[in-house]
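One letter stands for each residue in the lines below.
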Amino acid sequence: MSVATRVTTALPRETVRNVVLVAAVLALAPLPVLGSSYYEGVLAHLVIFAMFAVALNIVFGQTDQLFLFMGGLAGIGGYGTALLADWTGVNPWITLLVAALVAALLGLVVSWISARRKFTVVLISILTLNLQLVLVEIYGGARDITRGSTGFPYDYLSFPGVAEAVGVSEDVVLYYFALVLLVAVLLVYVWLVNSRYGVAFHAIREDDLAASSIGIDVVRYKVVAGTVAAFVFGLVGAVYVQEANYILPADFSFLTVDVLVLIVLIVGGLRTTLGPVVGAAIVVAMEEILVANFTQWRSAIFGLLLIFLFLYFRSGVVPALADLVDSVGALRGEPGDEPSG
Amino acid sequence: MGTMAAIAIDGLAFGVFLALLGVGITLVFGLGEVLNLAIGTFTVMAVLVATWVARGGQGIVVSALGAILVVAAIGLVVDRVLLSPSYRSEGEQRILLGIFTTLGLTVFLDGFLINGLDLSRFANVLVIPAFPASYNLSQNLPTVTVGGAVIQGSSLVVIAAGAVILAVLFFFLRRTFVGKATRTVFQDERGAQLVGVNPRRVRTLIFVLSVTVAGLAGILWALGHNVSVSSGFQFTTFALIVSIVGGVRSLAGAITAGILLGLVNTFANFFVGSYVATVILFGAAIVFLLAKPEAIS
């Protein structure tokens, strides 16, 4: 079978249709609020955290490697893009790729060591948590390089001419760029889980000893998942600070990025294609309601949410909705839809 | 020379403080595989409650006692309500649940403590003040001069009181019936059940004990240092490192690791600055995890 046919047969039509549908909704979403930079920012935030959650879905959802240095990896992308561009004078779009590759390399090393030495999910989570703390400490502490907690204005990923030509603000252009990235990342996810990778991931999750005994190269598959996810974290990290137009070490802290991405993914639904988008929409909407009413309770409410979700709602919204659709279908005597999320 | 000695004493004090927290993580993890990522928050909570009581005009002893009682009570509620689902699951699932529950608890309590709670509209008693700043329980302890070294009185109190607490803890675990039951569960849960020890009750007891010790450590530490709500997670990460380097299941290991890391961190702070010192601390934990991963799984 040629690569081309394998790819086309590997992508289930219904899932791709859902991704396109979500993309269309998100593409239309800024139109009613065009000109309100506040709501454009909110939407961009949604898309960015959805991408982070897709990356976590790949590495944690598919291969049980709990990366708790998502903020740190995003920081490599954010700081790396800016600093490399400043030092070398190279176009930031190129340094963005380089920085994302550096993040990917770190993900590769962590995954490779963890998989080779058969680290448990708990050990990986603690190892990466320590890495996270080291990285953020460096972002804040290496003042000569990162300008420490003062930060600096971030205007690297620009689209010269595009905004003027279309007649919209730079923020809107960035939003659509992020949206294109999101669709790409979602399609990578769909492709991964529907290719032989997906089969291998499933086998490894069930029992990695059994998987390796039937000839699945467990280390390789885990490393691929870790590398791809780390690359996405790095790439999106730069978009994340570009959206804020400013970079600060605190943007990448454990409590700012990792905790929120975990909540987004679990709310939406672990191992579902659209769970990250649905989760991000719910979490961002909640943030907006909280900001409007009780700003200062944000952290307390997210803490409670984290506990509640993990204890009672680990399946997430997308599977719950799919079940609901199934049972409604069954009541009508129709064949239940495949959970398509 | 005098400066070095003073730094060594400060480092030892920080080490004892870390050891007290590390022992808390180690005991709870050893008994029931729940990694308490909220331990630093209990430490901070004790300090905040003590400053609150002290504001009402009470002395340090009453404030400390009140704070310890409050922290122990909260620990009891947390154990019965939040940790039970973790203990009902098995193996890796249990460890993961424990991590997320205690992490969520940290985020929740941090947010809660920064805001306080004002329900005076409904009942006059229900007012928990907000704690947005840094707090200490400074008693203006005198400095001690030994051979040219000016030593903080508060550091000496942390070392002395910390050593007593650790000694009492060891006596409790080695000599008392409940302590022996605890060690039985530590070594062999099934065996403990067979001889009539209820592991769940032992876990509750030890969880409350660990947060009480963490609270005491916080009060001792706050005699000479400022503590804010955001210190909580930092304390937790330090305690986690101590517990990892100490071997996660070994109390003596946690104490040794705590003192060692306290000294290393304080000296590194002096020579290369706090940022590099912290990087060294977390770096040590990573190296240790890579060298001896079996310690934690």
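Since the structure is predicted, the reported quantities are computational estimates derived from the model, not experimental observations. (Residues numbered from 1 in each chain as written. Chains lettered and ligands numbered in written order. Predicted model: local features only at pLDDT ≥ 70, side-chain atom pairs only at ≥ 80, totals over all residues.)

A word on the overall build of chain A
Looking only at helices and strands, chain A features 16 helices and two strands. In terms of overall dimensions, chain A is globule-like: its C-alpha atoms have a radius of gyration of 20 Å, near the 20 Å expected for 341 residues. The buried share of chain A, reckoned over its 341 residues, is 49%. Taking the contacts inside chain A whose residues are at least 6 apart along the sequence as the reference set, 77% of them involve residues at least 24 apart. (Helix = DSSP H or I, 4+ residues; strand = E, 2+ residues; numbered from the N terminus. Rg over C-alpha atoms; globule rule 2.2 N^0.38 Å. Buried ≥ 20, exposed ≤ 12 C-beta atoms within 10 Å, placed from the backbone. Contact = placed C-beta atoms within 7 Å.)

Overview of the overall build of chain B
Looking only at helices and strands, chain B features 11 helices and six strands. Computed over C-alpha atoms, the radius of gyration of chain B comes to 19 Å, within 12% of the 19 Å expected from 2.2 N^0.38 for 297 residues, which places it in the range of a compact globule. Structurally, chain B occupies a C-alpha span of about 60 × 55 × 35 Å along its principal axes. Residues counted as buried form 48% of the 297 residues belonging to chain B. Sequence separation of 24 or more characterises 73% of the internal contacts of chain B that already satisfy a separation of 6 or more.

Side note on the nonpolar core
One broad rule of soluble globular proteins: the nonpolar side chains tend to lie buried together. In terms of nonpolar packing, the biggest core is built from 211 residues, with V47, F49 and I263 of chain A together with L21 of chain B touching the most fellow members. Not counting residues up to four positions away in its chain, the partners in contact with L21 of chain B are I39, G40, T43, A214, A217, F235, F238, A239 and V242 of chain B. (Core = buried A, V, L, I, M, F, W, Y, C linked by C-beta atoms within 7 Å.)

Structural notes on the environment of N115 of chain B
Position of N115 of chain B relative to the elements: it lies in helix 4 (residues 91–115). As a C-alpha pair, N115 of chain B and A214 of chain B span 99 residues in sequence and 23 Å in three-dimensional space. If we skip the residues at most four places from it in the chain, N115 of chain B touches Q296, W297 and A300 of chain A together with A130 of chain B.

Some remarks on the environment of V146 of chain B
Residue and element names in this part refer to chain B. Relative to the helices and strands, V146 resides in strand 4 (residues 144–146). In this structure V146 comes out as exposed when scored by C-beta crowding, with 11 C-beta atoms within 10 Å. Considered as a pair, V146 and A6 are 140 residues apart in the sequence and their alpha carbons are 9.2 Å apart.

As for the interface of chain A and chain B
Taken together, the contact pairs 31 residues of chain A with 32 residues of chain B. Among the elements of the structure, helix 6 (121–141), helix 13 (254–268) and helix 15 (298–312) of chain A are those that each provide at least two residues to the side of chain A that touches chain B. Counting residues per element, the side of chain A that touches chain B draws most heavily on helix 6 of chain A, which supplies 13 residues. Considered class by class, the residues forming the side of chain A that touches chain B number 21 nonpolar, seven polar and three charged. (Nonpolar A, V, L, I, M, F, W, Y, C, P; charged D, E, K, R; others polar.)

What to know about helix 9 (residues 231–246) of chain B
For helix 9 of chain B, with 16 residues, the first-to-last C-alpha span of 22 Å sits near the 22 Å given by 1.5 Å per residue. Looking one or two places after helix 9 of chain B, you find G247 of chain B, whose phi comes out positive at around 105°. (Expected span 1.5 Å × (residues − 1).)

Regarding the packing of helix 3 (residues 37–62) of chain A against helix 12 (residues 218–244) of chain A
Residue and element names in this part refer to chain A. Orientation of helix 3 relative to helix 12, taken along the N-to-C sense of each, is 165°, at an axis distance of 9 Å. Between helix 3 and helix 12, the crossing angle belongs to the class labelled roughly antiparallel. Where helix 3 crosses over helix 12, the two elements pack in a sense that is left-handed. Together, G41, A44, I48, M51, F52, V54, A55, L56, I58, V59 and Q62 of helix 3 and A225, G226, V228, A229, V232, F233, V236, V239, Y240 and E243 of helix 12 make up the contact between the two elements. Broken down by class, the residue content of the contact of helix 3 with helix 12 amounts to 17 nonpolar, three polar and one charged. (Axes fitted to C-alpha atoms, helices over the stretch in contact; angles between N-to-C directions. Parallel < 35°, antiparallel > 145°, perpendicular 65-115°, else oblique. Left-handed = near helix turned anticlockwise from the far one by under 90°.)

Comments concerning the confidence of the model for chain A
All names here are of chain A. Mean pLDDT for chain A: 88, with 93% of residues reaching 70 or above. In the model of chain A, helix 1 (residues 3–10) stands out as the element of lowest mean pLDDT, 50, in contrast to helix 4 (residues 70–88), which has the highest, 97. Counting interchain partners and residues more than four positions distant, the pLDDT-below-50 stretch residues 1–5 has one contact. Predicted confidence is poor over residues 334–341, with pLDDT under 50, and the contacts of this stretch with residues over four places away or in other chains come to 22 contacts. (pLDDT = per-residue confidence, 0-100.)

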